[in-house]
Amino acid sequence: MPDRVTFKVDGLQELGKAMQALGTETATKVARAMTNAAAQLVKKAAVLEAPQYHEPHEVDGVKVQPGNLKKNIVVKRVSKTSLSSEHLVTVRGKKKDGYAARYGRLVEFGTVKMAAHPFLRPALANNISAAITAMSSKGKQQVEKAARTAASKTGSGGKR
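(A) The overall build of the protein chain, seen in detail. Secondary structure summary: the protein chain contains six helices and four strands in total. The helix and strand sequence of the protein chain, counted from the amino end, reads α-α-β-β-α-β-β-α-α-α. Within the protein chain, buried positions represent 29% of all 160 residues. Contacts in the protein chain between residues far apart in sequence, at least 24 positions, make up 56% of those at least 6 positions apart. In the form shown here, the protein chain has an accessible surface area of approximately 10900 Å², with 52% of it arising from carbon and sulfur atoms.

Set out below in structure tokens:
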């Protein structure tokens, strides 16, 4: 059972140079916006792929409504990382959430008595190109926005 799925995008040297020119704080904001854009796209696909019960059921004494798994698919930003930005698409699941994370793992990978019905892995695998495109367009948009902001700050020195 894999712990995580990662992918690497090559060919973004120009973007990296532009981000370095913007400074660390701005580059971090741009990187976060880019990875969030890709993660949100994968999340939407995972919600569409996730199975749904047709009626309420009980899990360890907690009544779980239909759509609970879909409702608990979330994007989390990993704050302590050596990368400039990292986002996860995962299933949250504490007791109050009807243990959606545990149920999600069982559905994704299957059990001895139940075949796997993956929804997270296909959401990523089927949308890698779209996620890269979303990251690129968001990065371009954020870099242009930062450049405009920087230009307006330097260009407004004598204006009132």
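(B) Up close: the nonpolar core. The biggest cluster of nonpolar side chains holds twelve residues, and these are Val 42, Ala 45, Ala 46, Ala 50, Leu 69, Ile 73, Val 91, Ala 100, Val 107, Phe 119, Ala 123 and Leu 124. Broken down by element, the residue count for this core peaks at three residues, all from helix α2 (residues 24-49). Leave out the neighbours within four places in its chain, and Ala 123 touches Val 42, Ala 45 and Ala 46. Counting residues in hydrophobic clusters, the runner-up holds six residues, among them Val 30, Met 34, Ala 38 and Val 143.

(C) Just α2, in detail. Between its first and last C-alpha, α2 extends 37 Å over 26 residues, near the 38 Å set by a 1.5 Å rise per residue. Those residues of α2 that fall on the buried side of the exposure criterion are Ala 27, Val 30, Ala 31, Ala 33, Met 34, Thr 35, Ala 37, Ala 38, Ala 39, Val 42, Ala 45 and Ala 46.

(D) How the structure looks around the pattern of salt bridges. What the rule picks out here adds up to one salt bridge. A salt bridge links Glu 108 to Arg 121; the shortest N-O distance between them is 2.7 Å. With Glu 108 in helix α4 (residues 100-109) and Arg 121 in helix α5 (residues 120-125), this pair connects stretches of sequence that are 13 residues apart. With a relative accessible area of 32%, Arg 121 lands in the partly exposed category.

(E) Inspection of the packing of aromatic side chains at higher detail. Per the counting criterion, the structure on display carries one aromatic pair. A ring pair is formed by Tyr 53 and Tyr 103, whose centres lie 6.1 Å apart and whose planes are at 20°; its orientation type is stacked. Note that Tyr 53 is positioned in the loop between α2 and β1 (57-59) and Tyr 103 in helix α4, a separation of 50 residues in sequence. A relative accessible area of 41% places Tyr 53 in the partly exposed class. Exposure remark for Tyr 103: the relative accessible area of 29% places this residue in the partly exposed category. One residue, Arg 102, lies across the ring of Tyr 99, its end atom 5.1 Å from the ring centre.

What counts as what
- Residues numbered from 1 in each chain as written.
- Predicted model: local features only at pLDDT ≥ 70, side-chain atom pairs only at ≥ 80, totals over all residues.
- Heavy atoms only, no water.
- Helix = DSSP H or I, 4+ residues; strand = E, 2+ residues; numbered from the N terminus.
- Buried < 20%, exposed > 50% of the residue type's maximum accessible area, 1.4 Å probe, protein only.
- Contact = heavy atoms within 4.5 Å.
- Areas by Shrake-Rupley, 256 points an atom, 1.4 Å probe, with all protein chains shown as cover.
- Core = buried A, V, L, I, M, F, W, Y, C linked by side-chain atoms within 4.5 Å.
- Expected span 1.5 Å × (residues − 1).
- Salt bridge = Lys/Arg side-chain N within 4 Å of Asp/Glu carboxyl O.
- Phe/Tyr/Trp six-rings, centres within 6.5 Å; stacked < 30°, edge-to-face > 60°.
- Lys NZ or Arg CZ within 6 Å of the ring centre and 35° of its normal.

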